[in-house]
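Chain by chain, the residues run as shown.
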Amino acid sequence: MTAQPPEPSPRPVPSGELRASHDDREAVVEQLRDAAAEGRIDLDELDSRLEQALKSKTYAELAVLTADLPRLDSSGSRPPLVLKGGMYGASRGPGRWEVPGHVIAHGGLGGVKLDFTRAECRLTEVAVEAYGETSGVTIVIPDGWAADTSGMDPGVGGLRDKTTPDRLPGTPLIRITGSGGMAGVVIRHPNRRERRKLDGNPTRG
């Protein structure tokens, strides 16, 4: 029986050709509006770029619209990102999003998932307040990122830290405080199913 030659691996898609999400387009729209408010682009150019942003389908098409604008390095001074589980739950990620210096997650009745695996983070440290409450908070960080949970009150639900202590140079430290509440808080690296999705779309922004 003749052995079949292995099938060629699919060609990796360049990051610029990856499909942009609604959140990606909205982030560019926000940056363009900020640029107009600062006087960097006039209103006619703003209208033109906004129209192109809403029609853009790839990261490369979006990147052209902000290539001549300064990168925002003020993420540490931005207002906290607040996620409330409420009745139906809340999440941020795993798509591209820019990490502020402070994140507050309230599990509520529906739970919260905070996924950093494709996030943009220019900070050396991120403060995360996690309150498990009724349904818990799950935090997912990429391999190579590290977490400090020493300031966390486990509460009744407890704290499960499944991360490795090995921190790669240039990656942020996620410093977690808050309380486990009734349902607890979990921080971990991607699981097998999440890794398969990452392998299919390796760009983390």
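Being a predicted model, the structure only gives us computed values, none of them experimental.

Trainee: Requested: an account of the overall build of the protein, with residues and values cited.
Mentor: Each helix and strand in the protein was counted, giving four helices and 10 strands. Evaluated residue by residue, the protein yields a buried proportion of 40% over its 205 residues. Within the protein, residue pairs in contact and separated by at least 24 positions form 70% of the contacts whose partners lie at least 6 positions apart. Carbon together with sulfur atoms contributes 52% to the accessible area of the protein, which is approximately 12000 Å² in total.

Trainee: So what's going on with the pattern of salt bridges? Which residues, and what values?
Mentor: All told, the structure shown has 13 salt bridges when counted by the stated rule. The partner of Glu45 in a salt bridge is Arg49, with the nearest N and O atoms 2.6 Å apart. Here Arg49 and Glu45 lie together in helix α2 (residues 43–55), a separation of four residues that amounts to about one turn. Measuring nitrogen to oxygen at the nearest pair gives 3.2 Å for the salt bridge that ties Glu120 to Arg122. For Arg122, a relative accessible area of 31% gives the class partly exposed. One salt-bridge network, held together by shared partners, links Asp24, Arg96, Glu98, Glu120 and Arg122.

Trainee: I'd like a description of a negative patch on the surface, backed by residues and values.
Mentor: A grouping of Asp23, Glu26, Glu30 and Asp34 is seen on the molecular surface, where their side chains present a negatively charged patch. Mapping Asp23 onto the fold places it in helix α1 (residues 22–37).

Trainee: Run through the environment of Pro80, naming residues and quoting values.
Mentor: Summarising the element assignment, Pro80 is placed in the loop between α3 (59–66) and β1 (81–84). Note on Pro80: relative accessible area 39%, which makes it partly exposed. Filtering out sequence-adjacent residues up to four positions away, Pro80 remains in contact with His102 and Ile104.

Conventions and cut-offs
Residues numbered from 1 in each chain as written. Predicted model: local features only at pLDDT ≥ 70, side-chain atom pairs only at ≥ 80, totals over all residues. Heavy atoms only, no water. Helix = DSSP H or I, 4+ residues; strand = E, 2+ residues; numbered from the N terminus. Buried < 20%, exposed > 50% of the residue type's maximum accessible area, 1.4 Å probe, protein only. Contact = heavy atoms within 4.5 Å. Areas by Shrake-Rupley, 256 points an atom, 1.4 Å probe, with all protein chains shown as cover. Salt bridge = Lys/Arg side-chain N within 4 Å of Asp/Glu carboxyl O. Patch = residues over 30% accessible without salt bridge, like charges linked within 9 Å, V, L, I, M, F, W, Y side chains within 5 Å. Lys, Arg positive; Asp, Glu negative; His and termini not counted. Charge placed at Lys NZ, Arg CZ, Asp CG, Glu CD.

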